[in-house]
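Chain by chain, the residues:
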Amino acid sequence: MGKGTPSMGKRMGRVVHIKCRRCGRRAYHVRNKRCSACGYGAQATLRRYNWRTKTLQRERVATIR
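Because the structure is a prediction, the values reported are computed rather than measured.

Chemist: I'd like a description of the environment of Cys23, backed by residues and values.
Modeler: Following the sequence through the fold, Cys23 ends up in the loop between strand E1 (17–18) and strand E2 (28–29). A residue is classified by how much of its surface remains accessible, and Cys23, at 32% relative accessible area, is partly exposed. Separated by twelve residues in the primary sequence, Cys23 and Cys35 place their C-alpha atoms 8.7 Å from one another. Cys23 has contacts with Cys35, Ala37 and Cys38, leaving out every residue within four places of it along the chain.

Chemist: Got a sec to walk through the packing of aromatic side chains? Specific residues and values, please.
Modeler: Evaluation of the coordinates by the stated rule reveals two aromatic pairs. Seen in terms of ring centroids, Tyr28 and Tyr40 are 6.2 Å apart; in terms of plane orientation they differ by 45°. Their pairing is tilted. In this pair, Tyr28 is assigned in strand E2 and Tyr40 in the segment after strand E3 (34–35), connecting sequence segments twelve residues apart. Summarising the aromatic geometry, the rings of Tyr49 and Trp51 are spaced 5.3 Å apart at their centres and angled 15° between planes, so their arrangement reads as stacked. Given a relative accessible area of 65%, Trp51 falls into the exposed group.

Chemist: Please set out the environment of Arg52 residue by residue, giving values where relevant.
Modeler: Within the secondary structure, Arg52 sits in the segment after E3. Classification of Arg52 by relative accessible area gives partly exposed; the value is 39%. Filtering out sequence-adjacent residues up to four positions away, Arg52 remains in contact with Arg25, Ala37 and Arg47. A polar contact is formed between the side chain of Arg52 and the backbone oxygen of Ala37, at a distance of 3.5 Å.

Chemist: So what about the sheet that holds E1? Which residues, and what values?
Modeler: If you trace the three strands from one edge of the open sheet to the other, you get E1-E2-E3, paired in antiparallel fashion. The sheet is open, and its two borders are formed by E1 and E3, each paired with just one other strand. Looking at chain direction, E1 and E2 are connected through two bridges and run antiparallel. Bridge pairing links Ile18 to Tyr28 in E2.

Reading the values: the criteria
- Residues numbered from 1 in each chain as written.
- Predicted model: local features only at pLDDT ≥ 70, side-chain atom pairs only at ≥ 80, totals over all residues.
- Heavy atoms only, no water.
- Helix = DSSP H or I, 4+ residues; strand = E, 2+ residues; numbered from the N terminus.
- Buried < 20%, exposed > 50% of the residue type's maximum accessible area, 1.4 Å probe, protein only.
- Contact = heavy atoms within 4.5 Å.
- Phe/Tyr/Trp six-rings, centres within 6.5 Å; stacked < 30°, edge-to-face > 60°.
- Polar contact = N/O pair within 3.5 Å; in protein donor to acceptor, adjacent residues only side chain to side chain.
- Pairing = 2+ DSSP bridges.

Here's what the structure looks like:
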């Protein structure tokens, strides 16, 4: 059995992630009891990283005369 379509059929009916009560995303792991998006269940502070947020592409304001 490979790792393609036939093995994906064996995953049917299993719920891995449910809706998180803190962030509202479907990222709370049922067995690990931890949200992969916000870190609920593992830590009191929100899980956030700088690589996750996009940097703002600010326009340089040129002096127009």
